[in-house]
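Spelled out, the chains give:
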Amino acid sequence: SDKRMSAEGDNLYLGLAGVAVALLGWGSFTLPMKAKDVAAANLDSMVFNMYMGIGVFLSSLPILLFLPWNFTWWSTAGAALFAPGCLFCVLTVEWIGIAKGQAIWAGCVALQSFLCGFFYFQETPSDLLLTLLGGGILLCGIGMLSFVEVSPPDDDGETRPLKDGAADAEGGAYSQMDHPKAKEVQPIKGLFGCVMIGLLCGSCMVPFRLAPVYPFQDGINSAIYAVGFGLSLMIINIVVLAARAMFSDMPKLHVETCALPGIISGALWNAGNIGNIFACLPPLGLSVGYPLTQCCLLVAGIWGITVFNEIRGMKAIGTFFTGAAVVLVGAILLGIFGQAAPVDA
């Protein structure tokens, strides 16, 4: 009995440590998407997604130094759900920025994750009323965030010589430069992207829960799941890009300037993913651990506001943090009361 309590305590600490790592990794993985080199290259979103997949795989390899290789096709199923979800992450950052985008999609992911635990795994809430209240509060927070106005990126409007060197009617031999060009804020597309991320990424941990208990759901040994996941994700993204090149156009890869930011983004996300694997194990579980990791929206919000100046003015910033706080309250209520009720002995 004492050993069992000690093991449960260790698993709880392991889960909470996983939540902390997920907050930092997932809160920062969108930063390289807005790197100057990536913006200047006008990099195609599918190319960045491919580099991210490579980063996820490479950063999972050190796990093999500590754990023996093991593979399950469930990790490929998880990667197949995440690959398009990740593409929507890249697009949504382009459309509405890091702060607003990640705050809204975090709420969507937390809600979808809870619904997967509730309906698929029959994780019956300990208090249904407070769980429903938490879900309602979460939706209210998402609604508040959707009204936050995002400032368009700064565009200095550089000039360049005309191709033929001929003088035009007004600007002489120079005209306004086409690239790099500030991308317009597109709120409707951004909200659509957030919903798709919620549906796809909120479901991608379901295959993890369906994987064999040993070794994929066995405490620290479960990190081996990330290696198969990363390998599958890298292959899927490369195959999709190759298929696009066969039937359509092949976008420029910009390897020298954009590969490293993409790989770093993938590595940061994978750090969050490995933390999330531990967060989703008992005693926290999918209905508790996963929603708590979505508090990364605060980290992303701080990056977006302080580094990229995405949200300006006290009113807009105040609305953002109020909405983010409401989302967190909803996620925490889902976390506390949405977990399975203890069974009487």
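Residues numbered from 1 in each chain as written. Predicted model: local features only at pLDDT ≥ 70, side-chain atom pairs only at ≥ 80, totals over all residues. Heavy atoms only, no water.

## A look at the overall build of the chain
Inference 1: In terms of regular secondary structure, the chain is built from 14 helices and two strands.
Inference 2: Buried positions account for 48% of the 345 residues belonging to the chain.
Inference 3: Element-wise, carbon and sulfur atoms account for 68% of the exposed surface of the chain, whose accessible area totals about 16500 Å². (Helix = DSSP H or I, 4+ residues; strand = E, 2+ residues; numbered from the N terminus. Buried < 20%, exposed > 50% of the residue type's maximum accessible area, 1.4 Å probe, protein only. Areas by Shrake-Rupley, 256 points an atom, 1.4 Å probe, with all protein chains shown as cover.)

## Thoughts on the environment of G18
Inference 1: Position of G18 among the secondary structure elements: in helix α1 (residues 2-28).
Inference 2: Considered as a pair, G18 and T293 are 275 residues apart in the sequence and their alpha carbons are 8.4 Å apart.
Inference 3: Once residues lying within four places of it in the same chain are set aside, the contact partners of G18 are G275, N276, F278 and A279. (Contact = heavy atoms within 4.5 Å.)

## Concerning the packing of aromatic side chains
Inference 1: Evaluation of the coordinates by the stated rule reveals 14 aromatic pairs.
Inference 2: With a centroid separation of 5.8 Å and an interplanar angle of 80°, the aromatic rings of F88 and F192 are classed as edge-to-face. Here F88, found in helix α4 (residues 73-96), pairs with F192, found in helix α7 (residues 187-201); they are 104 residues apart in sequence, far enough to count as distant.
Inference 3: Judged by relative accessible area, which is 18%, F88 ranks as buried.
Inference 4: Accessibility expressed as a relative area gives 47% for F192, which makes it partly exposed. (Phe/Tyr/Trp six-rings, centres within 6.5 Å; stacked < 30°, edge-to-face > 60°.)

## Remarks on the pattern of salt bridges
Inference 1: On inspection of all chains with the given rule, the structure shows four salt bridges.
Inference 2: E310 is the salt-bridge partner of K34, the closest N and O atoms lying 2.7 Å from each other. Taken as a pair, K34 in the loop between α1 and α2 (36-41) and E310 in the loop between α13 (296-306) and α14 (314-337) lie far apart in primary sequence, 276 residues in all.
Inference 3: Within this structure, D44, R244 and D249 form a network of salt bridges that share partners. (Salt bridge = Lys/Arg side-chain N within 4 Å of Asp/Glu carboxyl O.)

## Brief notes about the confidence of the model for the chain
Inference 1: With 87% of its residues at a pLDDT of 70 or more, the chain has an overall mean of 86.
Inference 2: In this model residues 156-180 is a low-confidence stretch, pLDDT under 50, and it forms 28 contacts with partners more than four residues away in sequence or in other chains. (pLDDT = per-residue confidence, 0-100.)

## Structural notes on a nonpolar patch on the surface
Inference 1: A contiguous nonpolar surface patch, about 350 Å² in accessible area, is contributed by L58, L61, L64 and W69.
Inference 2: Position of L58 relative to the elements: it lies in helix α3 (residues 45-60). (Patch = residues over 30% accessible without salt bridge, like charges linked within 9 Å, V, L, I, M, F, W, Y side chains within 5 Å.)

## Points about α3
Inference 1: Spanning 16 residues, α3 covers 23 Å between terminal C-alpha atoms, matching the ideal 22 Å at 1.5 Å per step.
Inference 2: Along α3, 12 of the 16 residues are buried, which leaves the element largely enclosed by surrounding structure.
Inference 3: Those residues of α3 hidden inside the fold are in contact with α2, α4, α10 (225-247) and α11 (255-279). (Expected span 1.5 Å × (residues − 1).)

## Side note on the state of the cysteines
Inference 1: Summed over all chains, the structure comprises zero disulfides.
Inference 2: Take C201: it sits in no disulfide, and the sulfur closest to it among the cysteines is that of C89, at 4.9 Å. (Disulfide = S-S within 2.5 Å.)

## Concerning the side chain of S265
Inference 1: With respect to the helices and strands, the residue S265 is situated in helix α11.
Inference 2: What S265 contacts, discounting residues up to four positions off in sequence, is F29, P32, M33, F48 and M52.

## A few points about the side chain of Q102
Inference 1: By secondary structure assignment, the location of Q102 is in helix α5 (residues 98-120).
Inference 2: Ignoring anything within four residues of it in the chain, the contact list for Q102 reads W26, G27, F29, T30, G97, C296, L297 and A300.

## Re the environment of F82
Inference 1: Tracing the backbone shows F82 in helix α4.
Inference 2: C-alpha of F82 to C-alpha of L200: the two residues are 118 residues apart in sequence and 6.2 Å apart in space.
Inference 3: Excluding residues within four positions of it along the chain, F82 makes contact with C201, C204, F229, L233 and W269.

## Some words on α14
Inference 1: The first and last C-alpha atoms of α14 sit 34 Å apart over 24 residues, in line with the 34 Å expected at 1.5 Å per residue.
Inference 2: Among the residues making up α14, those that are buried are A316, F320, G323, A324, V327, L328, G330, A331, L333, L334 and G335.
Inference 3: Where α14 is buried, its residues meet α5, α6 (128-146), α12 (289-293) and α13.

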